Amino acid sequence: MSEHLYIDSARVDAESLEPFARGLAPERRAVLEPLLTFLREWWSEEECVTVQTSGSTGTPKRLQLAKLAMRRSGLRSNRYFQIQASERLLLAMDLRYIGAKMMVVRALLAGAELVVVQPSSHPLATLSVAPQFVSLVPLQLHHTLEVPAERELLSRAKQLIIGGGAIHPAVEAQLSALPVAAFATYGMTETISHIALRRLNGPHASLLFYPLEGVHLTQGATGELIIEDRLLYPDGPRLTTHDLVELHPDGGFTIMGRADNIINSGGIKISPEPIERKLAEVLDRPLAISWIADAALGQKLVLVLEGDSLPESFTETLTEACQEILPPYHRPKEIRLVSHLPHNDNGKLDRRALQRLLLTPQTKEE
């Protein structure tokens, strides 16, 4: 049977794509145009698809990914999540990126319904029936959980995957009370979406990511994760990432941070991500760890918070938290306030943009 999916209850395949597009109302076509463009590329004679990387740690790049490998990735996800033709999959992300493209591929391979909404911070706001399979970035999930009606709709989904960035502990705690099976994903453009999952709620909740079928993991000399995906690429290659991990005996792993985010403060190499995770557990405010140039330390550790001011009680809580949960060298030496932490299009913290913001804001010494 040829690859097909359902869009707005209409069966769409390579032959019916253009008639379907011509029959769309103008306002609906505006929403579906990125999907139509991708489907044309997918059903073309070309063997590869062009995908843009997120650029969260560098300049965004455009990569060519083999359709055969994308099909293998999609089939692996469909097997793991048992995605069937009868199910509805939510497409609520930017189709320039691999996460959104692979939602389409999964629907195509299963012959499932693709529920297409305009990418936004409230992707469930216009829906009245919950899709069975939902994929969101952390920022979308955060805003969805803030609205009771959207939270209720999400709770009626069967499965939820979250990718593109770290999940705040408070958000993870909210997921623990929902019946939807929620998973954090680990992957990147080069791995063609997720290659490992971490269950966030239910009896199988875990602090560890576990690799999917065919994925073999090792570590480099400095702790960076090396991925060999024998299902997608039986003959290689191995991918050396910038992610610093701890591998566990049962095959799981913990992400410690990124090598390219390391801050060298007074000769001590510090990963910002573990500090951010610890502080996020006790501070109810968006935050990030960064640095500014310093004559003595080279790079001085800075805590960046959203907001215009800090209540005295918050400052006291922050000081106590830093002293209790962080080693001395890991405690921020300065606080800076910004109106909004910068994120890129798919919700990841944009650390380069954050560095630029640190050139001008006023500071508060700790």
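Presented here is a report on the structure given in the accompanying data block. (Residues numbered from 1 in each chain as written. Predicted model: local features only at pLDDT ≥ 70, side-chain atom pairs only at ≥ 80, totals over all residues. Heavy atoms only, no water.)

## Overview of a negative patch on the surface
Residues Glu312, Glu316, Glu320 and Glu324 make up a contiguous surface patch of negative charge. Relative to the assigned elements, Glu320 resides in helix H9 (residues 312–325). (Patch = residues over 30% accessible without salt bridge, like charges linked within 9 Å, V, L, I, M, F, W, Y side chains within 5 Å. Areas by Shrake-Rupley, 256 points an atom, 1.4 Å probe, with all protein chains shown as cover. Salt bridge = Lys/Arg side-chain N within 4 Å of Asp/Glu carboxyl O. Lys, Arg positive; Asp, Glu negative; His and termini not counted. Charge placed at Lys NZ, Arg CZ, Asp CG, Glu CD. Helix = DSSP H or I, 4+ residues; strand = E, 2+ residues; numbered from the N terminus.)

## Here we look at the packing of aromatic side chains
Overall, the coordinates contain eight aromatic pairs when judged by the stated rule. Their ring planes at 65° and their centres at 6.2 Å tell us that Tyr186 and Phe209 sit as a pair that is edge-to-face. Placement of the pair is Tyr186 in strand E9 (residues 181–188) and Phe209 in the loop between strand E10 (193–199) and strand E11 (210–211), with a sequence separation of 23 residues. Accessibility expressed as a relative area gives 10% for Phe209, which makes it buried. On the basis of an interplanar angle of 20° and a centroid distance of 5.6 Å, the ring pair of Phe209 and Phe253 is categorised as stacked. Linking Phe209 in the loop between E10 and E11 with Phe253 in strand E15 (residues 253–258), this pair joins segments that are 44 residues apart in sequence. (Phe/Tyr/Trp six-rings, centres within 6.5 Å; stacked < 30°, edge-to-face > 60°. Buried < 20%, exposed > 50% of the residue type's maximum accessible area, 1.4 Å probe, protein only.)

## Description of the sheet that holds strand E13 (residues 224–229)
Read from one edge of the open sheet, four strands run E12-E13-E14-E15, paired in antiparallel fashion. The open sheet is flanked by strand E12 (215–219) and E15, the only strands paired with a single partner. The sheet shows a mean angle of 50° between the axes of neighbouring strands, direction not considered. Across four bridges, E13 lies against strand E14 (residues 238–247) in antiparallel orientation. If you follow Glu228 over to E14, its bridge partner there is Arg238. (Pairing = 2+ DSSP bridges. Axes fitted to C-alpha atoms, helices over the stretch in contact; angles between N-to-C directions.)

## Some remarks on the pairing of E14
Relative to E15, E14 is paired through five bridges, and the arrangement is antiparallel. Counterpart to Glu246 in the pairing with E15 is Thr254. Linking E14 back to E15 in an antiparallel pair, the connection comprises five residues, with Gly251 at a positive phi of about 95°.

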